[in-house]
Amino acid sequence: MLGFAAVNTGNNLIFLIVAALLAFMSVSGILGWLNIKGANVFIDLPDEIYSGMETLVTVRLVNRRRYLPSFLLKVNVLEGTADFDLVECGEERKKSFTGRFRERGEHLVTGVELSSPFPINFFVRSRRLPTDRRFVVFPSPLPSPLPGGHDKPGMNSALTVAVKGYEGDLAKINDYSGADPLRLIHWRLSAKHGELKVKELTASAQIPVILDIDALPGSTLEENLSRAVYLVNRLMRSNRAVGLQLRERKIAPAVSRSHKLRLLSELALYGKN
Amino acid sequence: MVRIKTVLNFLAYGIALLGFVPLFPYLETVPRMIFPAAFVSGIMADRKIFPIPAWISTVISILFFVFYAAQFTKDNVVGPAVNLLVILLSVRLFSDKTDRNYLQIFALSLFSFTSSSLFSLSPVFLIYLSLILVLIAVSLVMLTFYSTSSEPLVSPRGLTRIMSVALLMPVAALPLMLLLFIILPRTQVPLWNFLNIGGVKVTGLTEKVEPGSASAVSEVKNIALRADCEKLPKDRLYWRGIVLNTFEGNAWVRKKTPPGEEGAMLKGKTVRQTIYPEPGRAVYLVALNVPRGISGTRFTAEHDYTYTARGGGIGRIKYDVESVLSDTIETRKAIDRNFYLHVPERLSRRMVDLGKSIAGKGKDDEEKISLLESEFMARNLTYATANLPVGEFPLDEFLFEKRRGHCEFFASSFALLLRLAGVPARLVGGFLGGEYNDLGGYYVVTDDMAHVWVEAYIQGKGWLMIDPSKWAVNFPGAVESGQRSFAQSLRMTIDAFSYYWNVAVIDYDLERQLRFINSANIGLRGLSLRAILKLAVYLAIFPCLAVIAIAMMKRREKSSREERILARFLRKVAKEYRIWISPETGLHELSATLNNPVATRFVAIYGRAVYHDRRLAPEEIRELTILISKMIGTKSRGHSGMDSGPGNMVRIQGNGIDKP
């Protein structure tokens, strides 16, 4: 409208204002472009993500520029958004939101969308940052009966060993030996008896369990995978060595955390490739 | 913490003020009163004191809109529009402020400010323009934060960061603005001329010379025109405006020139001028006597070298003139003698007798002129602007009684006596003199320099210029001004700024300039355009370089030698290994990751000094510099630390199979 007035009145002062506004618009465009340009985005996800369950997605934003801070950046990734009002030069900021993944298996984030209305809210500038971020979503755990012995369905082998452990099921109550950890003291019973009583748990880790997904009681493969995930978690928590009997492959039982992640990944990717 | 809205309010009020103040002198009383009231009421409403309900502001807006819309006519557009603008701005100030309302305040203020340029073309505009642009830039950024940020508060440090980046915008926009201003296309003739007001129509030149109508004349030192030309001798500074060819009653007026009169070649020194008349004064195009040709504006020329501007001469114009400094205007054909010998019937006895006696004594026109000159000289006439002759025959009283008067008395009586003696004569109105501004290279001609002289026709020679005022015993035009006082020099400097403002901004038109250069046949066709573009590029580059230089100086001030060399090292590493180094990364940790002997050596030397609170010695700095340069090419040596390590952009994450 001002430009129209300028042309039509031939008034150079209005031309000056128009020139200033145009220049200002161009500079704001450049500034907006610079604002989203020098930023790197990283996505941090927890080790264990289960389908259908809320998980915390952390977005890390690094402003790589030397002079200009980043303002009002919005990161759109994995159906969530993280807002960064101000990230100083060379600074790293973290923002988290909860996300949910519907399907098990390997997920690939090919890009994140970085957008900002800065410096003036007339246009929102956005940029797609290509990434190659892969992560595995495990099947959602479905509670399943805890393996009790050989005869139970779904158990290929199971041994009951009456060795004291710290993480298994409650086996019996014993007197305090002096070497037991404090968290095993059964305070209610101790108060009743007038002397310290400790919970004695089964050391089920020693009993290797091999889960055969086809032998689990679920009606579909997905259900069985979910049950297997539940059982792997449950058994690992009680420090039991767990292995897997997949249709064509067998994974030997072990107890480490990396083994657990391996098992869960196997279950997540089963039948997907 | 600072509330973003508070900052935004401050800025909005500042912008509104900058929109209102330049327009204030041209507003009606109601908007003049409403704006300050709305300003105060707005500040109170922000503090929840007497907030005004939204419906009231709507009603006020509608009422005033109807009121001013009724005043709109084809000839009166700007007046109601600016008053309405200020009313709408006032309403926005006291009503509740939402995101949209802030934008409206900015837009209305900008429009008000812009419309002020239709009333005044003063250079003060530039100051307002820079202020309003800076404030709007900062405000728009703050508004973006206000409407999109998740937090209503901002830390003082954050605010400083936002403000400094926001301020960067108008600074960076400046060179581009100059460039755009130069290249923006312009129409040759304004289409909406009715919007251009340009002040009241003032005729610096009088179209009627009537000596004796007032007993005294006041001398006003208003600027009539500025003329860009070379410095000339003072007695050549006769600025021709209008020819008054008829004496009626007691006044000289201009009537249509008789047909057939045609000018011939003018002989003498040619002087080119560019004339910038003050707005509204360009009814007659004034130029050095005798103006041969005028270009750059629309006009009607007549044979007696009177140029009348077309379109009423309203608004600011400029024109180029080529004048010939000549005392005679030759004519190709004979003139209509009767037209130039006509005198009114009622004249004083003494005047008629004097005319007749000259006619009797003089053999030819030239002799009659010199006889009359001697007559004037013998009377010891005094040049005066007060206690002037009045009455029925003021010219008679001037010559025979009071013997004092100003140029109008001298010229009128001389021309009248010439006609009575049988010599065709006419009056020329214009200016005499001019103050040369050495800084700008132009003459300033003021109203008090208005002057009238005579042109007498000599058969076979043409129109001869005669200035009878020269024969006054105390002729002011003869006195050469001496040394300039400081105040005068200061006035000249300020005037030069105003002049350049007009030349560079108000009258700027690239196309017209190029056309002028081409038509003048200077022979620099291609080059002139390139030169102008070059100038524009320089204008754009210079501020950028200045900003960069200041930034570099600031950086140098801030960082020590040690910090600088470390920064260089880290930059080099980042570049060579394509990694991002987080600021928390320890230097030794980094060198261990890199597994590069050059880097390890650098860290060792650097650490030996800096981690033991010792400054780097000159030879150490030399060695470090060499080491940095040696970092080149280490990429190709292959290295093992690529996939891990602090701050590496290539990372292994917990989930096992991921890459960033």
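### Topic: the overall build of chain B
Next, step 1: The helix and strand inventory of chain B stands at 19 helices and 21 strands.
Next, step 2: Within chain B, buried positions represent 35% of all 660 residues.

### Here's the deal with the overall build of chain A
Next, step 1: In terms of regular secondary structure, chain A is built from five helices and twelve strands.
Next, step 2: When each of the 273 residues of chain A is scored for burial, the buried share is 35%.
Next, step 3: For chain A, contacts bridging at least 24 residues in sequence account for 63% of all contacts bridging at least 6.

### Side note on the packing of helix α2 (residues 12-37) of chain A against helix α7 (residues 156-183) of chain B
Next, step 1: The geometry of α2(A) relative to α7(B) is characterised by a closest axis approach of 7 Å and an angle of 130 degrees between their N-to-C directions. Comparing their axes, α7(B) and α2(A) come out oblique. Of the two possible hands of crossing, α2(A) and α7(B) adopt the one that is right-handed. Residues Phe15(A), Leu16(A), Ala19(A), Ala20(A), Leu22(A), Ala23(A), Phe24(A), Ser26(A), Val27(A), Ser28(A) and Leu31(A) of α2(A) touch α7(B), and the partners they reach there are Met169(B), Pro170(B), Ala172(B), Ala173(B), Leu176(B), Met177(B), Leu180(B) and Phe181(B).
Next, step 2: For the contact of α2(A) with α7(B), the class distribution of residues is 17 nonpolar, two polar and no charged.

### Brief notes about the sheet that holds strand β5 (residues 92-100) of chain A
Residues and elements named next belong to chain A.
Next, step 1: Strand order in the open sheet made by the three strands is β1-β2-β5, with antiparallel pairing throughout. Of all strands in the sheet, those with a lone pairing partner are β1 (39-44) and β5, marking the two edges. Put simply, the sheet's adjacent strands are angled 25 degrees from each other on average, direction ignored.
Next, step 2: By the bridge criterion, six bridges tie β1 to strand β2 (residues 54-63) in an arrangement that is antiparallel. Its bridge partner being in β2, Asp 44 is matched across the sheet by Thr 58.

### Observations regarding the pairing of strand β5 (residues 238-244) of chain B
Residue and element names in this part refer to chain B.
Next, step 1: The element β5 is largely enclosed, with a buried count of seven among its seven residues.
Next, step 2: Where β5 and strand β17 (residues 425-432) come together, six bridges link them in antiparallel fashion. Looking at β17, one finds that Trp 239 is bridged to Phe 431.
Next, step 3: Taken together, the two bridges between β5 and strand β9 (residues 287-288) define a ladder with antiparallel strand orientation. Looking at the pairing, Arg 240 lines up with Ala 287 of β9.

### What about the confidence of the model for chain B?
Next, step 1: Overall, the prediction assigns chain B a mean pLDDT of 79, with 81% of residues at 70 or greater.
Next, step 2: Per-element confidence in chain B is highest for helix α1 (residues 4-20) of chain B, whose mean pLDDT is 93, and lowest for helix α14 (residues 510-519) of chain B, whose mean pLDDT is 52.

### Notes on helix α11 (residues 394-402) of chain B
Next, step 1: Along α11(B), the residues that are buried comprise Pro394(B), Leu395(B), Asp396(B), Glu397(B), Phe398(B) and Leu399(B).
Next, step 2: Buried residues along α11(B) sit against α9 (349-361), β16 (404-405) and α12 (407-420) of chain B.

### Quick notes on the pairing of β17(B)
Residue and element names in this part refer to chain B.
Next, step 1: The element β17 is largely enclosed, with a buried count of eight among its eight residues.
Next, step 2: With seven bridges joining them, β17 and strand β20 (residues 450-458) adopt antiparallel strand pairing. The residue bridging Arg 426 from the neighbouring strand is Glu 455, located in β20.

### Looking at the sheet that holds strand β18 (residues 435-437) of chain B
Residues and elements named next belong to chain B.
Next, step 1: Read across the open sheet, the six strands follow the order β10-β13-β8-β4-β19-β18; overall the sheet is antiparallel. Edge strands, defined here as strands with exactly one partner in the open sheet, are β10 (291-295) and β18. Taking the axes of each pair of neighbouring strands and ignoring which way they run, one obtains an average angle of 30 degrees across the sheet.
Next, step 2: Sheet topology note: the strand β4 (residues 223-228)/strand β19 (residues 442-446) ladder contains five bridges and is antiparallel. Considered in β19, the bridge of Asp 228 is made with Tyr 442.

### Some details on the nonpolar core
Next, step 1: Of all hydrophobic cores here, the largest spans 118 residues; its most connected members are Ala20(A), Val232(A), Ile15(B), Ala173(B) and Met177(B).
Next, step 2: A total of 14 residues in this core trace back to one element, the largest contributor, which is helix α6 (residues 124-148) of chain B.
Next, step 3: Counting 75 residues, the second largest nonpolar core, distinct from the first, contains Ala309(B), Ala415(B), Leu418(B) and Tyr499(B).

### Details of the environment of Ala592(B)
Next, step 1: Mapped onto the elements of the fold, Ala592(B) is located in helix α17 (residues 587-594).
Next, step 2: Along the primary structure Ala592(B) and Val603(B) are separated by eleven residues, whereas in three dimensions their C-alpha atoms are 9.9 Å apart.

### Things to note about the packing of α11(B) against α12(B)
Residues and elements named next belong to chain B.
Next, step 1: One can describe the packing of α11 onto α12 by two numbers: an axis separation of 10 Å at closest approach and a directional angle of 100 degrees. Between α11 and α12, the interaxial angle falls into the category roughly perpendicular. Counted together, Leu 395, Phe 398 and Leu 399 of α11 and Phe 409, Ser 412, Ser 413 and Leu 416 of α12 form the full contact between these two elements.
Next, step 2: By residue class, the composition of the contact of α11 with α12 is five nonpolar, two polar and no charged.

### Points about helix α10 (residues 365-378) of chain B
Residues and elements named next belong to chain B.
Next, step 1: Across its 14 residues, α10 extends 20 Å between first and last C-alpha, which sits within 8% of the 20 Å expected from 1.5 Å per residue.
Next, step 2: Where α10 is buried, its residues meet α9, α12, β20 and β21 (462-466).
Next, step 3: Phi for Asn 380, located one or two positions after α10, is positive at around 50 degrees.

### Looking at the confidence of the model for chain A
Next, step 1: Across chain A, the average pLDDT comes to 80, with 82% of residues at 70 or higher.
Next, step 2: Between residues 149-164 of chain A, whose pLDDT stays under 50, and residues either more than four places distant or in other chains, the model counts 32 contacts.

### Quick look at unusual backbone geometry
Generally, phi is negative for residues other than glycine and the peptide bonds are trans, each holding for most cases.
Next, step 1: In this chain, Phe118(A) is followed by Pro119(A) through a cis amide linkage whose omega measures 0 degrees.
Next, step 2: With respect to the helices and strands, the residue Pro119(A) is situated in the loop between β6 (105-116) and β7 (125-137).
Next, step 3: Geometrically, the link from Asn289(B) to Val290(B) is a cis peptide bond, its omega value of 5 degrees lying close to zero.
Next, step 4: Looking at where Val290(B) falls in the secondary structure, it is placed in the loop between β9 and β10.
Next, step 5: A positive phi angle, near 65 degrees, is found at Asn239(A), a position not held by glycine.
Next, step 6: Mapped onto the fold, Asn239(A) is located in the loop between α4 (221-237) and β11 (242-245).
Next, step 7: A count of 18 C-beta atoms within 10 Å places Asn239(A) in the partly exposed class.

### Structural notes on the environment of Glu620(B)
Residues and elements named next belong to chain B.
Next, step 1: Looking at where Glu 620 falls in the secondary structure, it is placed in helix α19 (residues 618-630).
Next, step 2: Using a count of 17 C-beta atoms within 10 Å as the deciding quantity, one classes Glu 620 as partly exposed.
Next, step 3: In the structure, Glu 620 is positioned 18 residues away from Phe 602 in sequence and 9.7 Å away in space, judged by C-alpha atoms.
Next, step 4: Look past the residues within four positions of Glu 620 in its chain and what remains in contact with it is Ile 605 and Ala 609.

The rules behind these values
- All residue numbers refer to position in the chain's written sequence, counted from 1.
- Chain letters and ligand numbers both follow the written order, the letters beginning at A and the numbers at 1.
- With pLDDT at 70 or above as the cut-off, local features in this predicted model cover only qualifying residues; side-chain atom pairs require 80 or more to be listed or tallied, and sums for whole chains, interfaces and linings still use all residues.
- Secondary structure elements follow DSSP: runs of H or I no shorter than four residues count as helices, runs of E no shorter than two count as strands, and numbering proceeds from the N terminus.
- Once C-beta atoms are placed from the backbone, each residue is buried if 20 or more other C-beta atoms lie within 10 Å of its own, exposed if 12 or fewer, and partly exposed for counts between those two.
- A residue pair is marked as a contact if its C-beta atoms, positioned from the backbone, fall within 7 Å.
- Every angle, taken between N-to-C directions, lies between 0 and 180 degrees, and every axis is a line fitted to C-alpha atoms, over only the stretch in contact when it is a helix.
- The cut-offs work like this: below 35 degrees is roughly parallel, past 145 is roughly antiparallel, 65 to 115 is roughly perpendicular, and the gaps in between are oblique.
- Note: crossing handedness is left-handed where the near helix turns anticlockwise from the far helix by less than a right angle, and right-handed where it turns clockwise.
- Each residue is assigned to one of three groups, with Ala, Val, Leu, Ile, Met, Phe, Trp, Tyr, Cys and Pro labelled nonpolar, Asp, Glu, Lys and Arg labelled charged, and all others, Gly among them, labelled polar.
- Strands are labelled as partners when DSSP assigns at least two bridges between them.
- As a per-residue measure, pLDDT tells how confident the predictor is, with possible values from 0 to 100.
- By definition, a nonpolar core groups buried Ala, Val, Leu, Ile, Met, Phe, Trp, Tyr and Cys residues that connect through C-beta atoms lying within 7 Å of each other.
- Take the number of residues in a helix, subtract one, and multiply by 1.5 Å to get its expected span.

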